[in-house]
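Fold and contact review
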Amino acid sequence: MLMLAAAVQAQSIALSIDSCRSLAIRNNKAMRIADLQVEKAGHDRRAAFTKYFPRINAQGMYMYTSRELSLLSDEQKSTLGNLGTIAGTMVPQFAALEPQLNAVGAGLVDALHTDTRNATALTVMLTQPIYMGGKIVAYNRITRYAEAIAQNQRNLSVQNTIVEVDEAYWRIVALQSKRRLAESYLNLVRKLDADVQQIISEGLATKADGLSVKVKVNEAEVTMIQIDNGIALSKMLLCQLCGLDIDSHITLADEDSLRTPMPVPQQVSVERAWQQRPELQSLSLAAEVYHEKVKVARAEFLPTVALTGGYIATNPSVFNSFERKLKGMWNVGVAVNIPLITSGERIHKVRSAQAEERIARLQLDEVREKVELQVNQCSQRVQEAHERLGIAEKSRAQADENLRYATLGMKEGVIPVSNVLEAQTAWLKAHDASVTAQIDLLLSDLYLQKSTGSVNF
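As a convention, each chain's residues are numbered from 1 in the sequence order in which they are written. Whole-chain, interface and lining totals are the exception, using all residues; otherwise, since this is a predicted model, local features are given only for residues with pLDDT of at least 70 and side-chain atom pairs are given and counted only at 80 or more. Side-chain numbers come from the whole structure's heavy atoms, not from hydrogens or water.

**Structural notes on the overall build of the protein**
Helical segments are the DSSP runs of H or I of at least four residues, strand segments are the runs of E of at least two, and each set is numbered from the N terminus. Counting its regular elements, the protein contains twelve helices and six strands. Type-normalised accessible area, obtained with a 1.4 Å probe on protein chains alone, sets the label of each residue: buried when under 20%, exposed when over 50%, and partly exposed for intermediate values. Taking all 457 residues of the protein together, 34% fall into the buried category. Expressed as a percentage of contacts within the protein between residues at least 6 apart in sequence, the contacts between residues at least 24 apart total 82%. Surface accessibility follows the Shrake-Rupley procedure with a 1.4 Å probe radius. Residue values consider only the protein chains on display as shielding. Roughly 27,200 Å² of accessible area belongs to the protein as shown, and the carbon and sulfur atoms make up 58% of that amount. Here, residues are in contact when the closest pair of their heavy atoms is within 4.5 Å.

Take a look at the structure:
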């Protein structure tokens, strides 16, 4: 048994709240998605920057046609092929030159033979934007804002993950504290049960008193079972958040005692929250994105200028009559596009983009107001939790003293068993309230940090 216990202890994973946060940030699926979103936004920004540079495209084509193009009609081909015969008929002096003239005509027909049934073309084109109406500059700014938004969303995911982990961590700590408390209460009522049985045998208490105590013992045992189940489920949740196997045996640094000092209420700055909250930063950047989209829509009114250049080659080529050779030529030019009449389409697009920008600005103002309200509410909750903890500590001290007097009084026979049971119940409630108040103060301070955007790791 000792070897088995040592093996189990060796397999347990000791975790502090910082190590839980680190594991969750490293293994959490939402964090991985946020990291990939940041990576994607970075690639989009770099892709937009390449729009400043020239594009070079190459295209090749082969085409087979059932018929070829002809520059001469059949009648013209026949005439040229019989050029000498026709000339000899019309001018008898040319009769002697008939074979030579026919050969010349046949040569012309053959030279004008296109043979386009098998055609090949190759083009290499370079396009360098010179002025695109401001689109490229606007798109580059948009992608930079988008990358910053993705980074803010990642920061928000980090903060949400930390809050979830802290909630699960402190829930386990609270349950462990309540388990120790429930165990102490169970020992108290068991000792009271033994004392009452002795008093009953002496005739100083009734069997009804003994049954009342046994009911409390049973209730305490049920409470222990419920708390153990709650601890097991809470540890499974924490393991899942940290990326561990849910059946992992973990022990927390604050399980045995709450070592973390209680936070002290302090003044918070709403302006600091406005500057640090990732949601507000994202909305502010989104408003800038819509501002750039207005420029993109307005650029539709403006002309665009691009420099072009390239090389075009065909087979058959026509640079030296029709040849079955791949030959080409260089070209350089300037392409200009000037929009003239679009029936008002561009005007409506600009106004639509301006409306989207105003919507984004109003959403930013609305969220700023909500953040201000949230910060004030969280600050008040911290103050309230701090005051509640002070009262709970006083109540706990009073409950301890009350239980001590009730126990002594019962042994002296001047206080009935029912009063002792009431004192023990009050003791349990006071200690439970003290544990709850400590955890509430820690979580309230965490929520205040979240509302001001200062949750960092």
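**Notes on a nonpolar patch on the surface**
Patch definition: residues with relative accessible area over 30% and no salt bridge; like charges joined within 9 Å; nonpolar side chains (Val, Leu, Ile, Met, Phe, Trp, Tyr) joined within 5 Å. Basic side-chain nitrogens of Lys or Arg form a salt bridge, by our definition, when they fall within 4 Å of a carboxyl oxygen of Asp or Glu. Taken together, I130, Y131, F301, L302, L307, V332, V334, V336, I338, L340, I341 and I347 make up a surface patch of nonpolar side chains, about 1,200 Å² in accessible area. Those elements that place two or more of their residues in the nonpolar patch are β3 (118-131) and β6 (327-337). Broken down by element, the nonpolar patch gets its largest block of residues, three residues, from β6. Topologically, F301 is positioned in the loop between α10 (278-298) and β5 (304-315).

**Re the environment of K235**
Mapped onto the elements, K235 comes out in helix α8 (residues 207-242). For K235, a relative accessible area of 16% translates into the label buried. Residues K235 and S248 lie 13 residues apart in sequence; the distance between their C-alpha atoms is 8.6 Å. Not counting residues within four places of it along the chain, the set of residues in contact with K235 comprises I172, Q176, I250 and E255.

**As for the side chain of N27**
Relative to the helices and strands, N27 is located in helix α2 (residues 17-27). Sequence-distant contacts of N27, that is, excluding residues within four places in its chain, are made with R32, C242 and G243.

**Topic: the pattern of salt bridges**
Enumeration according to the criterion identifies 23 salt bridges in this entry. A salt bridge links E366 to K370, with the nearest nitrogen and oxygen atoms 3.6 Å apart. With E366 and K370 both in helix α11 (residues 345-412), this residue pair falls four residues apart, about one helical turn. Among the residues examined, K370 registers a relative accessible area of 53% and is labelled exposed. Beyond isolated ion pairs, a larger network of salt bridges with shared partners links R141, E292 and K295.

**Digging into the nonpolar core**
The set of buried Ala, Val, Leu, Ile, Met, Phe, Trp, Tyr and Cys residues whose side-chain atoms join them within 4.5 Å is what this entry labels a nonpolar core. By size, the foremost hydrophobic cluster in this structure holds 29 residues, and its most contacted members are C20, Y169, W170, L238, L252 and I439. Elements with a minimum of two residues in this core: α2, α7 (135-201), α8, β4 (250-252) and α12 (417-452). Every residue in contact with Y169, bar those within four places of it in the chain, is listed here: L15, S16, I17, C20, L238, L252, A253 and D254. Counting 26 residues, the second-largest nonpolar core is a separate cluster that includes V189, A423, W427 and A430.

**With respect to the packing of aromatic side chains**
The geometry of an aromatic ring pair is captured by two quantities: the separation of the ring centres and the angle between the planes. Two aromatic rings from Phe, Tyr or Trp, using only the six-membered ring of Trp, form a pair when their centres are within 6.5 Å; if the ring planes differ by under 30 degrees the pair is stacked, by over 60 it is edge-to-face, and anything between is tilted. All told, the structure shown has four aromatic pairs when counted by the stated rule. With a centroid separation of 5.1 Å and 90 degrees between ring planes, the pair formed by Y169 and W170 is classed as edge-to-face. Take Y169 and W170: they sit in the same class, and that class is buried. Plain terms: the ring middles of Y311 and W330 are 4.8 Å apart, the flat faces sit at 55 degrees to each other, and that makes the pair tilted. Taken as a pair, Y311 in strand β5 and W330 in strand β6 lie far apart in primary sequence, 19 residues in all. By relative accessible area, Y311 is classed as partly exposed at 25%.

**Topic: the sheet that holds β3**
Should DSSP find at least two bridges between two strands, the strands are regarded as paired. Pairing is antiparallel in the open sheet, where four strands are placed in the order β2-β3-β5-β6. Here the strands that pair on one side only, and so sit at the sheet edges, are β2 (55-64) and β6. The mean angle between the axes of side-by-side strands here comes to 20 degrees, regardless of whether they run parallel or antiparallel. For β5 and β6, the ladder comprises eleven bridges, and the chain directions are antiparallel. Bridged to G310 within β6 is N331. To obtain each axis, a line is fitted to C-alpha atoms, and for helices this fit is confined to the stretch in contact; angles are then taken between N-to-C directions over 0 to 180 degrees.

**Considering α12**
For a helix, the expected span equals 1.5 Å multiplied by the residue count minus one. Its 36 residues place the ends of α12 52 Å apart at the C-alpha level, agreeing with the 52 Å of an ideal helix rising 1.5 Å per residue. Of the residues flanking the end of α12, it is G453, one or two places downstream, whose phi is positive at about 75 degrees.

**Some thoughts on the pairing of β5**
The pairing of β3 with β5 spans eleven bridges and is classified as antiparallel. Directly across from L126, in β5, lies its bridge partner G309.

**Some points on the packing of α10 against α11**
The contact between α10 and α11 brings their axes to 8 Å, and the two run at 170 degrees. Of the possible angle classes, the one that applies to α10 and α11 is roughly antiparallel. Each residue is assigned to one of three groups, with Ala, Val, Leu, Ile, Met, Phe, Trp, Tyr, Cys and Pro labelled nonpolar, Asp, Glu, Lys and Arg labelled charged, and all others, Gly among them, labelled polar. Partitioning the contact of α10 with α11 into residue classes produces twelve nonpolar, four polar and eight charged. Our angle categories are set so that under 35 degrees counts as roughly parallel, over 145 as roughly antiparallel, 65 to 115 as roughly perpendicular, and the remainder as oblique.

**Thoughts on the pairing of β3**
Pairing of β2 with β3 involves ten bridges; the strand directions are antiparallel. Each residue of the ladder has a partner; that of G60, found in β3, is L122.

**Here's the deal with the environment of G409**
Mapping G409 onto the fold places it in helix α11. For G409, a relative accessible area of 7% translates into the label buried. Taking the C-alpha atoms as reference points, G409 and V420, eleven residues apart in sequence, are found 8.7 Å from one another. When near neighbours in sequence (up to four residues on either side) are disregarded, G409 contacts V414 and I415.

**Details of unusual backbone geometry**
Look at the link from N315 to P316: it is a cis peptide, with omega at 10 degrees. You can see P316 is positioned in the loop between β5 and β6.

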